[in-house]
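# Structure assessment
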Amino acid sequence: MLTLVTGIQRAHADSVAYLIDVTVRPGYNFANADDALGYGNQLCDKVSAGRRYADLIGDVRADFQTGDEFQASYLIDKAVNELCPAQIWQLRRTAAHYQPQGP
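Residues numbered from 1 in each chain as written. Predicted model: local features only at pLDDT ≥ 70, side-chain atom pairs only at ≥ 80, totals over all residues. Heavy atoms only, no water.

## Thoughts on the pattern of salt bridges
Defined as follows: Whenever a carboxyl oxygen of Asp or Glu lies within 4 Å of a side-chain nitrogen of Lys or Arg, that contact is scored as a salt bridge. Elements are defined by DSSP. Helices are runs of H or I of four residues or more, strands are runs of E of two residues or more, and each kind is numbered from the N terminus. Accessibility here uses a 1.4 Å probe with only protein chains present; expressed as a share of the type maximum, an area under 20% marks a residue as buried, one over 50% as exposed, and anything in between as partly exposed.
Scanning all chains against the criterion turns up five salt bridges. Asp59 is paired through a salt bridge with Lys46; the nearest N and O atoms lie 3.0 Å apart. Residue Asp59 is located in helix α4 (residues 53-63), and its partner Lys46 is located in helix α3 (residues 33-48); the two are separated by 13 residues in the primary sequence. When its relative accessible area of 16% is taken as the criterion, Asp59 is described as buried. Taking relative accessible area as the criterion, Lys46 reaches 26% and is therefore assigned partly exposed. Note that Glu69 and Arg61 form a salt bridge whose closest N and O atoms lie 3.1 Å from each other. On the basis of relative accessible area, Glu69 is assigned to the buried category, the value being 18%. Classification of Arg61 by relative accessible area gives buried; the value is 12%. Shared partners join several salt bridges into a network, and the residues in it are Lys46, Arg51 and Asp59.

What follows is the structure in structure tokens.
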């Protein structure tokens, strides 16, 4: 029964698509697939905990030492869409009216 419940919760997660998207794109330089998945899952946990989109952008920019707004938003988008799609609406609510802060 536990396996069935766990399988249902992750039915729409696509870790392979996430890994392809974030390991092929330059700029993130994850040491390996486990690190990339771990980071994406941390982003999902932050969204689940109610962290605002602006704060997530700041976290990613700091973690990867970049001023590239697109690079930060791309990673957040890929993590939520592929690893925790049930959180998409929560992320969208916190992103409403977001204005980029610049480099």
